[in-house]
Amino acid sequence: MSTLVEVKNLKKYFPITGGVLDRKIGDIKAVDNISFTIRKGETLGLVGESGSGKSTTGRLLLRLLEATDGSITFEEKEVTKLSTKEVKALREDMQLIFQDPFASLNPRHTVEKILEEPLIVHKKGTKEERKKMVRKMIEVVGLDSYHLKRYPHQFSGGQRQRIGIARALMTQPKLIIADEPVSALDVSIQSQVLNLLKDLQEEFKLTYLFIAHDLSVVRQISDRVGVMYLGTLVELTDAEKLYEKPLHPYTEALLSAVPIPDPEVKSQSEDVLGGEIPSPSNPPKGCVFHTRCKACMEICKKVRPEFKEMEPGHYVACHLYEEDMQH
Ligand SMILES: Nc1ncnc2c1ncn2[C@@H]1O[C@H](COP(=O)(O)OP(=O)(O)OP(=O)(O)O)[C@@H](O)[C@H]1O
Ligand SMILES: [Mg+2]
């Protein structure tokens, strides 16, 4: 499988300012040196607790945010160096699906207008052709043409997400960044939308970066999964391998906290992991996970472990698996 996106040593620091002069007094290290690839046609899942840097990563790929350092290659183009005009062209190929489509759908526009807009922005087709494309797309996502005359508030949450997906597909993108696309939906509706995303992936040869904090949702759709903690990637491998044989103590802890189908029950990760996630403005020295790690060694407090390929295709950043530690 060829590579669609290559991310290398990517960083995004948000400045913290303070004092009377509003001077910079520190940084929030939202994304702190991550590297990964997204293969053409796959779904790469990205999981991690709240604040681990998942959305920031997605927004950096789309150039909705400027990177502090590092590179993002999308089909041989360096995303971090594109001109304004080139960014516009990039957005045709890379689209975003949001957690809350309601907030992103203009309440005063009909669905027809909402779906036509990306075509107008990217100067695609004549008025007649655009109308035809819109009619086709509404059916592709499982709605009907009579829905086109309605307004966003007239739909259920699941239907609204279908409209959000239809809008993202209008420009025939290659990569879809789906940021918690089903987190706001009921469990029964979640699987319908996940199935729709899977069908669309096949039909339109799409590549997905699928972001979610819910490991079981990510498992349902991903070919490979990356686990983020405090702005870093701690592990990345095939979905099956990750769930069956996780290497990183953080992944293990997250997985042991997983089976909570009841949405009323809060994530148990805090219990399993012990303590709260540290602040990204003052991350622990050495391995950022060491303060909560059951397998913490002296070296972990001092040296940040490298994100290395420990087995073919299985990347992990942990001193437990470094060769010199095993002998
Ligand atoms: N525009 C911003 N300015 C300052 N800090 C920010 C900004 N955007 C994100 N952050 C901070 O960066 C860190 C990572 O945030 P991000 O939204 O990427 O996390 P996330 O993994 O998507 O979390 P969640 O699961 O809650 O959506 C957080 O500490 C957040 O407060
Ligand atoms: Mg987020």
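Residues numbered from 1 in each chain as written. Chains lettered and ligands numbered in written order. Predicted model: local features only at pLDDT ≥ 70, side-chain atom pairs only at ≥ 80, totals over all residues. Heavy atoms only, no water.

Student: Just to check I follow, could you spell out the sheet that holds strand E5 (residues 77-78) for this structure?
Tutor: The strands making up a sheet associate through hydrogen bonds between their backbones, and the pairing can be parallel or antiparallel. Here 4 strands make up an open sheet; going across it, the order is E2-E1-E4-E5 and the pairing antiparallel. The sheet terminates laterally at strand E2 (23-39) and E5, the two strands that pair on one side only. Pairing of strand E1 (residues 3-18) with strand E4 (residues 69-74) involves 5 bridges; the strand directions are antiparallel. Bridging from a neighbouring strand, Lys 11 pairs with Asp 69 of E4. (Pairing = 2+ DSSP bridges. Helix = DSSP H or I, 4+ residues; strand = E, 2+ residues; numbered from the N terminus.)

Student: Teacher, can you tell me more about the side chain of Arg 130 here?
Tutor: Here Arg 130 is to be found in helix H5 (residues 127-140). Given the relative accessible area of 14%, Arg 130 is considered buried. Residues in contact with Arg 130, not counting those within four places in the same chain, are Glu 116, Leu 119, Ile 120, Lys 124 and Gly 125. (Buried < 20%, exposed > 50% of the residue type's maximum accessible area, 1.4 Å probe, protein only. Contact = heavy atoms within 4.5 Å.)

Student: Would you explain H5 in this entry?
Tutor: Given 3.6 residues to a turn, an α-helix orients residues that are three or four positions apart in the same direction. Over its 14 residues, H5 runs 20 Å from end to end, which matches the ideal 20 Å to within 8%, given 1.5 Å per residue. The elements touched by buried residues of H5 are helix H4 (111-121), helix H6 (157-169) and helix H7 (187-204). Count one or two residues on from H5 and you reach Gly 142, which has phi positive near 90°. (Expected span 1.5 Å × (residues − 1).)

Student: Hey, could you run me through the site of ligand 1 in this one?
Tutor: In the vicinity of ligand 1 there are 13 residues, among which Ser 50, Gly 51, Lys 54, Ser 55 and Thr 56 approach most closely. The contact in question runs from an oxygen atom of ligand 1 to an N or O atom on the backbone of Gly 51, over 2.8 Å. Within the side chain of Thr 56, one N or O atom sits 2.5 Å away from an oxygen atom of ligand 1. Here ligand 1, which alone exposes 640 Å², has 63% of that area covered by the protein. When residues of the shell around ligand 1 are traced back to their parent elements, those giving at least two are E2 and helix H1 (54-61). Broken down by element, the residue count for the shell around ligand 1 peaks at 3 residues, all from H1. When grouped by side-chain class, the residues that make up the shell around ligand 1 number 4 nonpolar, 6 polar and 3 charged. (Near = heavy atom within 4 Å. Polar contact = N/O pair within 3.5 Å; in protein donor to acceptor, adjacent residues only side chain to side chain. Areas by Shrake-Rupley, 256 points an atom, 1.4 Å probe, with all protein chains shown as cover. Nonpolar A, V, L, I, M, F, W, Y, C, P; charged D, E, K, R; others polar.)

Student: Please explain the packing of H4 against H5 as it appears in this structure.
Tutor: Working note: a packed helix pair is described by the angle between its axes plus the distance between those axes. Interhelical geometry of H4 versus H5 gives an angle of 120° and a closest axis separation of 9 Å. On the basis of their axis angle, the class for H4 and H5 is oblique. Crossing angle aside, the handedness with which H4 passes H5 is right-handed. Residues Val 111, Glu 112, Leu 115, Glu 116, Leu 119 and Ile 120 of H4 lie in contact with H5, whose contacting residues are Lys 127, Arg 130, Lys 131, Met 133, Val 134 and Ile 138. (Axes fitted to C-alpha atoms, helices over the stretch in contact; angles between N-to-C directions. Parallel < 35°, antiparallel > 145°, perpendicular 65-115°, else oblique. Left-handed = near helix turned anticlockwise from the far one by under 90°.)

Student: It is not clear to me how the confidence of the model for the protein should be interpreted in this structure. Could you clarify?
Tutor: A low pLDDT means the predicted coordinates there should not be read in detail. Looking at the protein as a whole, its pLDDT mean stands at 92, while 94% of the residues score no less than 70. Predicted confidence for residues 260-270 stays below pLDDT 50, and this span has 14 contacts to residues more than four positions away or in other chains. (pLDDT = per-residue confidence, 0-100.)

Student: Help me out: how do you make sense of helix H10 (residues 249-256) in this one?
Tutor: Counting buried residues in H10 gives 6 out of 8 residues, a clear majority hidden from the surface. When H10 is considered as a whole, its buried residues turn out to be Pro 249, Tyr 250, Thr 251, Ala 253, Leu 254 and Leu 255.

Student: I tried to follow a negative patch on the surface on my own but got confused; where do I start?
Tutor: There is a patch of like negative charges on the surface, built from Asp 223, Asp 238, Glu 240 and Glu 244. Among the structural elements, Glu 244 can be located in helix H9 (residues 239-244). By relative accessible area, which is 58% here, Glu 244 ends up exposed. (Patch = residues over 30% accessible without salt bridge, like charges linked within 9 Å, V, L, I, M, F, W, Y side chains within 5 Å. Salt bridge = Lys/Arg side-chain N within 4 Å of Asp/Glu carboxyl O. Lys, Arg positive; Asp, Glu negative; His and termini not counted. Charge placed at Lys NZ, Arg CZ, Asp CG, Glu CD.)

Student: Mind showing me how you'd approach the pattern of salt bridges here?
Tutor: Once the charged atoms of two side chains with opposite charge are near each other, the side chains can pair. The tally for this structure, following the rule as stated, stands at 18 salt bridges. Linking Lys 131 and Glu 112 is a salt bridge whose minimum nitrogen-to-oxygen distance equals 3.5 Å. Remark: Glu 112 occurs in helix H4 and Lys 131 occurs in helix H5; sequence separation between them is 19 residues. In this structure Lys 131 comes out as partly exposed when scored by relative accessible area, which is 25%.

Student: Please explain the sheet that holds strand E9 (residues 224-229) as it appears in this structure.
Tutor: Spatial ordering of the open sheet is given by E6-E7-E8-E3-E9-E10-E12-E11, a layout of 8 strands whose pairing is mixed. Across the chains shown, the open sheet's two edge strands, defined by having one partner strand only, are strand E6 (94-97) and strand E11 (308-311). Taking each pair of neighbouring strands and ignoring which way they run, the sheet shows an average axis angle of 20°. In the packing of H6 onto the sheet, contacts are made with E6 and strand E7 (175-179), and the angle to E6 comes to roughly 170°. H10 contacts E9 and strand E10 (232-238) of the sheet and is inclined by roughly 100° relative to E9.

Student: In this structure, what is going on with the pairing of E7? I would like to understand it.
Tutor: The two faces of a sheet get side chains in turn, since along a regular strand they alternate between them. The buried fraction of E7 is high, at 5 of 5 residues. Residues Leu 175, Ile 177 and Asp 179 of E7 are buried on one face, and the alternating residues Ile 176 and Ala 178, pointing to the opposite face, are buried as well. Alignment of E6 against E7, held across 4 bridges, turns out to be parallel. From the neighbouring strand, Leu 96 faces E7, where its bridge partner is Ile 177. Pairing geometry for E7 and strand E8 (residues 207-211), over 5 bridges, is parallel.

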